[in-house]
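The chain contents come next:
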Amino acid sequence: MIEFHPVTKHIGAEVTGVDLRKPLSQEEVATLRAGWLKHLVLFFRDQPIDDEQHLQFALNFGTLNHPAFKKDSTSPIHILDQTSPKGEGGDEWHSDNTFEPTPPMGSLLRCVQLPSVGGDTCWANTYLAYETLSPSIQRLCDELTAEHDITMSMKKAISKGHPFDLAEIQAAWPPIERPVVRVHAETGRKALFVNRASTTRLVGLSDRENEALLPFLIDHIRSPEYQLRLRWRPGTLAFWDNRPTQHYAVADYTERRRMHRVTINAFPEHTDKP
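For clarity, every value in this text was computed on a predicted model and none was experimentally measured.

Quick notes on the rules
Residues numbered from 1 in each chain as written. Predicted model: local features only at pLDDT ≥ 70, side-chain atom pairs only at ≥ 80, totals over all residues. Heavy atoms only, no water. Helix = DSSP H or I, 4+ residues; strand = E, 2+ residues; numbered from the N terminus. Buried < 20%, exposed > 50% of the residue type's maximum accessible area, 1.4 Å probe, protein only. Polar contact = N/O pair within 3.5 Å; in protein donor to acceptor, adjacent residues only side chain to side chain. Contact = heavy atoms within 4.5 Å. Arc of directions from axis to C-beta. Pairing = 2+ DSSP bridges. Axes fitted to C-alpha atoms, helices over the stretch in contact; angles between N-to-C directions. Phe/Tyr/Trp six-rings, centres within 6.5 Å; stacked < 30°, edge-to-face > 60°.

Draft legend 1. Region of interest: the side chain of His148. Summarising the element assignment, His148 is placed in strand S8 (residues 145–148). Judged by relative accessible area, His148 falls into the buried class, the value being 0%. A polar contact of 2.8 Å, which involves the side chain of His148, links it to the side chain of Thr98. Beyond its immediate chain neighbours, meaning those up to four positions away, His148 contacts Thr98, Phe99, Pro175, Ile176, Arg178, Phe193, Asn195, Ser198 and Thr199.

Spelled out as structure tokens, the structure:
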């Protein structure tokens, strides 16, 4: 029997009663999806699965998304293999690829190898970030759009030695405008949808207004009451909803950390237009 064990009041649950090595029934998929929508991030411990089982589990919930600029575009598995992650971009609060015309719906990240200490990941509930704003600021945000641009994250990657052509990337992925408040396609709840990695400005506001309001909104999700922190173990898989969450990869290690990730898009019936 599948059970959900909350890890904080507002976000995250550990799941028991399911073996990810085996195909899931429609009833099990529906149960897991309902728990995922409620808790935003699900954790599956002690799951000795391989890449194919990882992929098949992910495809119960969405269609395959190939992350932007992934080196091996033919493989559905994105391997994160790092020993010096500081400044790579994961170590700041973000939602994945909000510069894309349709950002991915979610990701399933599996721990393969860990440093002797460190390498945790944090998640934050951006429904709660919106809901705890004052009504006046909520109304203002409801009317605003923001620009999302890949440039900031690419400059970081290039500074760390990754051989990207910035001009080529900017031509392929021009800035895009989307609402500051995203309405979730499945729950109908509102979430704050700006992040430090990609959001560059609030459209229609002056520079001075941007300097005051945008940093406040970005930093608003940093309250611990909105967050959880996961200590990984090999065989742990985390499945998060990219729409009402942000995450932060803690860059506190200098030994090898290897993670395998599958990123998914929404099925057509679950697609919104952020």
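Draft legend 2. Here's a closer look at helix H2 (residues 51–58). For H2, the full list of buried residues reads His54, Leu55, Phe57 and Ala58. For H2, the angular spread of the buried residues around the axis is 160°, confining them to a single face. The opening residue of H2, the one whose side-chain oxygen lies 3.2 Å from the backbone nitrogen of Glu52, is Asp50.

Draft legend 3. Spatial organisation of helix H5 (residues 151–159). Every buried residue belonging to H5 is among Thr151, Met154 and Ala157, and all of these are buried. Taken around the axis of H5, the buried residues stretch over an arc of 125°, which confines them to a single face. In this structure, the buried residues of H5 make contact with helix H6 (166–172).

Draft legend 4. Structural view of the sheet that holds strand S9 (residues 176–179). Taken in spatial order, the three strands of this open sheet run S9-S8-S12, and their pairing is antiparallel. Strands at the two margins of the open sheet, each flanked by one partner only, are S9 and strand S12 (199–202). Neighbour-to-neighbour, the strand axes of this sheet turn through a mean angle of 35°, independent of strand direction. Looking at chain direction, S8 and S9 are connected through four bridges and run antiparallel. Bridging from a neighbouring strand, Ala146 pairs with Arg178 of S9.

Draft legend 5. Representation of the environment of Leu213 in the model. With respect to the helices and strands, the residue Leu213 is situated in helix H7 (residues 207–219). By relative accessible area, which is 12% here, Leu213 ends up buried. Taking the C-alpha atoms as reference, Leu213 lies 41 Å from Val29; in sequence the two are 184 residues apart. Once residues lying within four places of it in the same chain are set aside, the contact partners of Leu213 are Leu140, Leu144, Leu202 and Leu205.

Draft legend 6. Summary view of the sheet that holds strand S13 (residues 227–230). As summarised here, the arrangement of the three strands in space is S13-S7-S15, forming an open sheet in which the pairing is antiparallel. The two strands at the open ends of the sheet, each matched to only one other strand, are S13 and strand S15 (245–249). When the angles between neighbouring strand axes are averaged without regard to direction, this sheet yields 20°. Relative to S15, strand S7 (residues 121–125) runs antiparallel, the two sharing five bridges. By the bridge assignment, Trp123 is partnered in S15 with His247.

Draft legend 7. View of the packing of aromatic side chains. Applying the stated criterion to the full structure yields ten aromatic pairs. Taking 4.6 Å as the distance between ring centres and 15° as the angle between the ring planes, the aromatic pair formed by Trp36 and Phe239 counts as stacked. Highlighted residues: Trp36 in helix H1 (residues 26–39) and Phe239 in strand S14 (residues 237–241), separated in sequence by 203 residues. Ring centres of Phe57 and Phe239 lie 6.4 Å apart, and the angle between their planes is 75°; on these two criteria the pair is classed as edge-to-face.

Nothing here speaks to function; it is all geometry.
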